[in-house]
Amino acid sequence: AQKITQTQPGMFVQEKEAVTLDCTYDTSDPSYGLFWYKQPSSGEMIFLIYQGSYDQQNATEGRYSLNFQKARKSANLVISASQLGDSAMYFCAMREDPGANSKLTFGKGITLSVRP
Amino acid sequence: SAVISQKPSRDICQRGTSLTIQCQVDSQVTMMFWYRQQPGQSLTLIATANQGSEATYESGFVIDKFPISRPNLTFSTLTVSNMSPEDSSIYLCSVSGGRQGGNEQYFGPGTRLTVT
């Protein structure tokens, strides 16, 4: 079974509107971390936001927030007030096991296009 | 956040040759990770490099093909040996660390490799 599932086809959003990118995950570990990355056409992987499985509140970083629903094993990324520069690939990833020295497992990614 | 640099940023290589990619971090880190992203695909972990010991390779990756060095806590190299067109990918190094107790994970800008 896939550990990280991103099934949305290419997403489109109007500039200044909010958009939600879906991510579901599968793990039996009680302790894990969830990540979102942005990859523009340049290829770099830009860290956006992190959510720990034991975190009491949903993570937020500026215009990015993570809608963490543990029971449903979903970790959707919400981008508010979309900008043209938000057009990119977005990857959801998970780290199982506690600590920072475990690998990340990535989803297949979602393409987001922001329309002017 | 950690600042990571990679050299070269891109290269075009002939099949049968080898390329060594360098990764430099601006702070000492225990683990460095090497990922590969084939065209249109997600990221896959190649190996984890711990200073002072041999790298740990993921299933499907072997040391003879992807030898890794980790001479100190801020530097690592990945060599892609005896290259074929299937090795055309973006290669990214990654480290853990950040203000959230080290749970964030950052990536270098990547090395875009084309094998002809």
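Scroll up to find the structure.
Quick caveat: nothing in here was measured; it's all calculated off a predicted structure.

Calculation criteria
- Residues numbered from 1 in each chain as written.
- Chains lettered and ligands numbered in written order.
- Predicted model: local features only at pLDDT ≥ 70, side-chain atom pairs only at ≥ 80, totals over all residues.
- Heavy atoms only, no water.
- Disulfide = S-S within 2.5 Å.
- Helix = DSSP H or I, 4+ residues; strand = E, 2+ residues; numbered from the N terminus.
- Buried < 20%, exposed > 50% of the residue type's maximum accessible area, 1.4 Å probe, protein only.
- Contact = heavy atoms within 4.5 Å.
- Buried area = accessible area lost by both parts, 1.4 Å probe.
- Salt bridge = Lys/Arg side-chain N within 4 Å of Asp/Glu carboxyl O.
- Polar contact = N/O pair within 3.5 Å; in protein donor to acceptor, adjacent residues only side chain to side chain.

## Concerning the state of the cysteines
- One pass over the full model with this rule turns up 2 disulfides over all chains.
- Between the sulfur of Cys23 of chain A and that of Cys92 of chain A lies a disulfide, 2.0 Å long from S to S. Every disulfide takes its handedness from the sign of the S-S torsion; for Cys23 of chain A and Cys92 of chain A that torsion is -65°, giving left-handed. Placement of the pair is Cys23 of chain A in the loop between β3 (19-21) and β4 (24-25) and Cys92 of chain A in strand β10 (residues 88-96), with a sequence separation of 69 residues. Here Cys23 of chain A matches Cys92 of chain A in class, with each residue buried.
- Cysteine Cys13 of chain B shares no disulfide, and the gap to the nearest cysteine sulfur, in Cys93 of chain B, comes to 17 Å.
- By relative accessible area, which is 8% here, Cys13 of chain B ends up buried.

## A few points about the interface of chain B and chain A
- Each partner contributes residues to the interface: chain B has 23 residues there, and chain A has 21 residues.
- Both sides of the chain B and chain A interface together cover about 1800 Å² of buried area, and 50% of this is carbon and sulfur.
- Linking chain B with chain A are 1 salt bridge, by the criterion used here.
- Scanning the region where chain B abuts chain A turns up 9 residue pairs in polar contact (both at pLDDT 80 or more).

## Here we look at the environment of Phe75 of chain B
Residue and element names in this part refer to chain B.
- One can find Phe75 in strand β8 (residues 75-80).
- Along the chain, Phe75 and Met32 lie 43 residues apart, while their C-alpha atoms are 8.5 Å from each other.
- In this structure, Phe75 is in contact with Gln22, Cys23, Gln24, Met32, Ser69 and Arg70, ignoring residues within four places of it in sequence.

## As for the pattern of salt bridges
- Within the structure shown, the criterion is met by 5 salt bridges over all chains.
- Linking Asp26 of chain A and Lys73 of chain A is a salt bridge whose minimum nitrogen-to-oxygen distance equals 3.8 Å. Here Asp26 of chain A, found in the loop between β4 and β5 (32-39), pairs with Lys73 of chain A, found in the loop between β8 (64-69) and β9 (74-79); they are 47 residues apart in sequence, far enough to count as distant.
- The exposure class assigned to Asp26 of chain A is partly exposed, which follows from its relative accessible area of 34%.
- Across the pair Glu58 of chain B and Lys103 of chain A runs a salt bridge, and its minimum N-O distance is 2.7 Å. Here Glu58 of chain B, found in the loop between β6 (56-57) and β7 (68-72), pairs with Lys103 of chain A, found in the loop between β10 and β11 (105-106), and the two come from separate chains.
- Taking the relative accessible area as the measure of exposure, Lys103 of chain A reaches 36% and is therefore partly exposed.

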